[in-house]
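Chain residues, written in single-letter form:
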Protein chains: 2
Amino acid sequence: MQLPEKITLCEVGLRDGLQNEKSLLSTEQKLQLARKVIAAGCRVVELGSFVSPRAVPQMADTDALFAALAGDPGVELRALIANAKGVERAAACGCKKVKLNVSASRAHNLANLNRTPEESIAGFRDCTALAAERGIEASGSISMPFGSPWEREIPVSQVCGMIEAYLSVGVSEISLSDTSGMATPKQVYELMKTVQAQYPGVRWWLHFHNTRGAAMANILAAMEAGVTRFDASFAGLGGCPFVPGAAGNIATEDVVHLCEGMGVATGMDVRQCLAIAGEVQALVGHGTDSCLLRAGCAADLLRELPEGQKRARDCNRTEP
Amino acid sequence: MQLPEKITLCEVGLRDGLQNEKSLLSTEQKLQLARKVIAAGCRVVELGSFVSPRAVPQMADTDALFAALAGDPGVELRALIANAKGVERAAACGCKKVKLNVSASRAHNLANLNRTPEESIAGFRDCTALAAERGIEASGSISMPFGSPWEREIPVSQVCGMIEAYLSVGVSEISLSDTSGMATPKQVYELMKTVQAQYPGVRWWLHFHNTRGAAMANILAAMEAGVTRFDASFAGLGGCPFVPGAAGNIATEDVVHLCEGMGVATGMDVRQCLAIAGEVQALVGHGTDSCLLRAGCAADLLRELPEGQKRARDCNRTEP
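The rules behind each value
- Residues numbered from 1 in each chain as written.
- Chains lettered and ligands numbered in written order.
- Predicted model: local features only at pLDDT ≥ 70, side-chain atom pairs only at ≥ 80, totals over all residues.
- Heavy atoms only, no water.
- Contact = heavy atoms within 4.5 Å.
- Buried area = accessible area lost by both parts, 1.4 Å probe.
- Salt bridge = Lys/Arg side-chain N within 4 Å of Asp/Glu carboxyl O.
- Polar contact = N/O pair within 3.5 Å; in protein donor to acceptor, adjacent residues only side chain to side chain.
- Least-squares fit on C-alpha atoms with pLDDT ≥ 70 in both.
- Buried < 20%, exposed > 50% of the residue type's maximum accessible area, 1.4 Å probe, protein only.
- Helix = DSSP H or I, 4+ residues; strand = E, 2+ residues; numbered from the N terminus.
- Pairing = 2+ DSSP bridges.
- Right-handed = clockwise from strand over helix to strand, strands pointing away.

Student: I tried to follow the interface of chain A and chain B on my own but got confused; where do I start?
Tutor: Interface size, as often reported, equals the accessible area lost upon joining of the parts. Tallying the contact residues gives 88 residues for chain A and 88 residues for chain B. Counting each side, the surface lost to burial between chain A and chain B is near 7,300 Å², with a carbon and sulfur contribution of 58%. Note that Arg294 of chain A is salt-bridged to Asp289 of chain B, the shortest N-O span being 2.7 Å. Run the count over chain A and chain B and you get 8 residue pairs in polar contact (both at pLDDT 80 or more).

Written as structure tokens, this is what we have:
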């Protein structure tokens with residue numbers, strides 16, 4: 001099994017995680033989390049989004065987060081934006097990386113914005129031009145390229161059309177987001193093999209929700225296909241926007257732990273990740289989808305044999 | 001990505017799942033569950049264990065379950081046993097398949113039984129001889145070959161020693177059980193490639209707990225290595241015997257759903273599996289580790305576009 005020696009994780013809990021939470025964290029609490037994430041070795045953090053504070057109040061203090069944290073040259077801090085106004089807000093607070101988004105679902109995009117995904121991306125040209133002027137890198141994401149609640153299957157040719165649309169407005173860093181939790185490992189492997197071969201200049205990111213329990217297998221398949229950049233969310237915060245109550249984003253600590261077990265470097269310290277996850281769960285005040293928070297690191301299971309030959313069962317309980 | 005066309009799942013919820021539950025299900029409730037599992041297309045079911053009812057009261061009615069269900073030639077019903085007494089109980093109630101177990105951890109086995117795993121397996125010779133006499137097939141399982149809480153790493157040579165011990169007592173169907181939840185996909189792939197090449201006559205089963213979120217990725221890796229037999233538990237029932245509160249066995253419905261999405265046949269109906277999982281959760285009276293129970297099938301997400309062009313957000317909320 002060929003896996004990359006090293007992958008990069010982007011912590012998206014501060015954005016995709018917290019935007020789903022009813023309880024608003026204070027700016028100071030977010031800053032502390034972000035600092036801990038960076039101290040744990042994370043080098044790419046999605047801090048928030050420059051969108052309407054009325055529509056997404058949880059993200060209203062994104063500017064303040066950037067103002068406080070921008071400047072560390074070793075860390076890439078990015079934010080989601082919707083339009084040129086978002087670029088202006090980014091420029092004003094020192095944000096150097098923005099991410100645009102389009103839905104891979106034509107039906108969804110037409111219903112919401114009255115245009116096709118490709119038309120939406122073409123419309124991003126003003127953002128990317130302004131970003132270039134302001135010295136800000138623009139990346140793009142495509143939601144639901146692995147399946148949408150409207151069309152179910154999104155043809156690969158349609159995904160390629162969106163990738164080309166992004167390339168034509170100067171965006172060559174592209175994230176594919178399985179926000180509906182419909183991706184399968186085989187599909188991920190095949191799509192990534194195809195698009196990596198077809199668009200060798202693109203820097204790929206993948207973003208998996210664990211809605212139906214496939215996120216870790218999807219990451220494995222993507223790594224087998226040579227992908228090395230993944231989003232993850234502390235404590236597994238987040239959710240499926242189409243299924244209230246479903247599992248969230250794949251948990252950062254679970255990915256870091258499994259990669260460590262396979263010799264795939266993430267640059268992150270799993271114990272610090274676990275501590276952050278515990279803190280996040282306490283802050284949001286409810287259970288989240290982190291396996292490691294419940295089970296701890298495999299290494300921590302190691303035990304001395306008890307003195308008195310205490311019998312420890314395993315799950316195949318076969319006492320005669 | 002090369003995956004098998006078809007895999008076989010063994011439903012172990014009635015044994016590995018229910019033995020961890022405090023609330024005792026009635027024999028009639030278990031029978032109804034078993035019948036539904038079989039009706040859903042499952043062809044291998046681990047019904048219970050012939051062990052001390054004092055030690056594992058949840059399994060005390062295993063004989064009654066076999067007496068009621070044995071006889072369907074299309075379904076293999078198996079039970080866990082510890083010794084020759086278990087074979088006698090199996091013979092008495094019409095059970096045609098028993099499974100022996102040993103811990104891959106020398107320290108664990110020595111502490112519990114004062115013998116090495118290989119010595120334990122050699123001691124199974126009376127069971128396998130008796131089973132042969134009674135027309136009962138004997139299989140064997142090895143717990144924690146992917147890592148144990150005592151030694152952490154179990155050398156492959158040691159796993160091979162146990163496999164050879166099983167072969168020498170006439171057992172050629174072997175299950176490897178990651179009961180401590182320490183396996184990684186890379187390790188699973190490599191171990192399975194090795195042992196399949198080295199022992200081509202063995203029928204392999206794999207049994208994964210989702211303790212640290214890796215079970216589905218482990219199944220994927222094993223399928224890539226050519227393994228086609230997996231245990232799974234309805235609703236994700238079960239647990240990690242070393243970590244109270246950790247996630248359980250991989251959920252049958254999650255595996256069936258993902259396999260269906262990849263064109264890997266399981267012979268099982270995902271909707272029936274989902275209904276069973278819901279019933280199981282109601283019977284045990286607490287949440288379990290089933291993603292599908294929370295999210296539903298991906299296909300059920302498909303929706304008509306709402307009349308009034310209702311805007312549906314995805315998780316990249318970018319309202320300007």
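Student: What should I look at first to understand the relation of the copies chain A and chain B in this one?
Tutor: Take chain A, turn it by 180 degrees, move it 0.0 Å along the axis, and it overlays chain B with an RMSD of 0.0 Å. Both copies are brought into coincidence by an operation consistent with a two-fold rotation axis. Closest approach to the rotation axis among the C-alpha atoms of chain A is made by Ala217 of chain A, whose C-alpha sits 2.0 Å away. Taken as a fraction of all interface residues of chain A, those also at the interface in chain B reach 100%, which identifies the copy contact as same-surface.

Student: Mind showing me how you'd approach the pairing of strand E3 (residues 76-81) of chain A here?
Tutor: Within a regular strand, side chains alternate between the sheet's two faces. All names here are of chain A. Of all 6 residues in E3, 5 are buried, a share of seventy percent or more. Pairing between strand E2 (residues 44-50) and E3: 6 bridges, direction parallel. Note that in E3 the partner of Val44 across the bridge is Glu76. Viewed along the sheet, the connection from E2 through helix H3 (residues 62-69) into E3 turns out right-handed. By the bridge criterion, 3 bridges tie E3 to strand E4 (residues 97-103) in an arrangement that is parallel. In the sheet register, Leu80 faces E4, and the bridge partner there is Lys99. Each parallel crossover has a hand, and for E3 linked through helix H4 (residues 84-93) to E4 it is right-handed.

Student: Got a minute to help me understand the pattern of salt bridges in this structure?
Tutor: Opposite charge on two side chains permits pairing when their charged atoms draw close. Under the defined criterion, the tally for this structure stands at 36 salt bridges over all chains. Linking Arg89 of chain A and Asp63 of chain A is a salt bridge whose minimum nitrogen-to-oxygen distance equals 2.8 Å. Within this pair, whereas Arg89 of chain A is found in helix H4, its partner Asp63 of chain A is found in helix H3, the two being separated by 26 residues in sequence. Judged by its relative accessible area of 22%, Asp63 of chain A is partly exposed. Note that Arg134 of chain B and Glu133 of chain B form a salt bridge whose closest N and O atoms lie 3.5 Å from each other. For Arg134 of chain B, a relative accessible area of 34% gives the class partly exposed. Salt bridges linked by common partners bring Arg15, Asp16, Glu46, Arg78, Lys99 and Asp231 of chain A together as one network.

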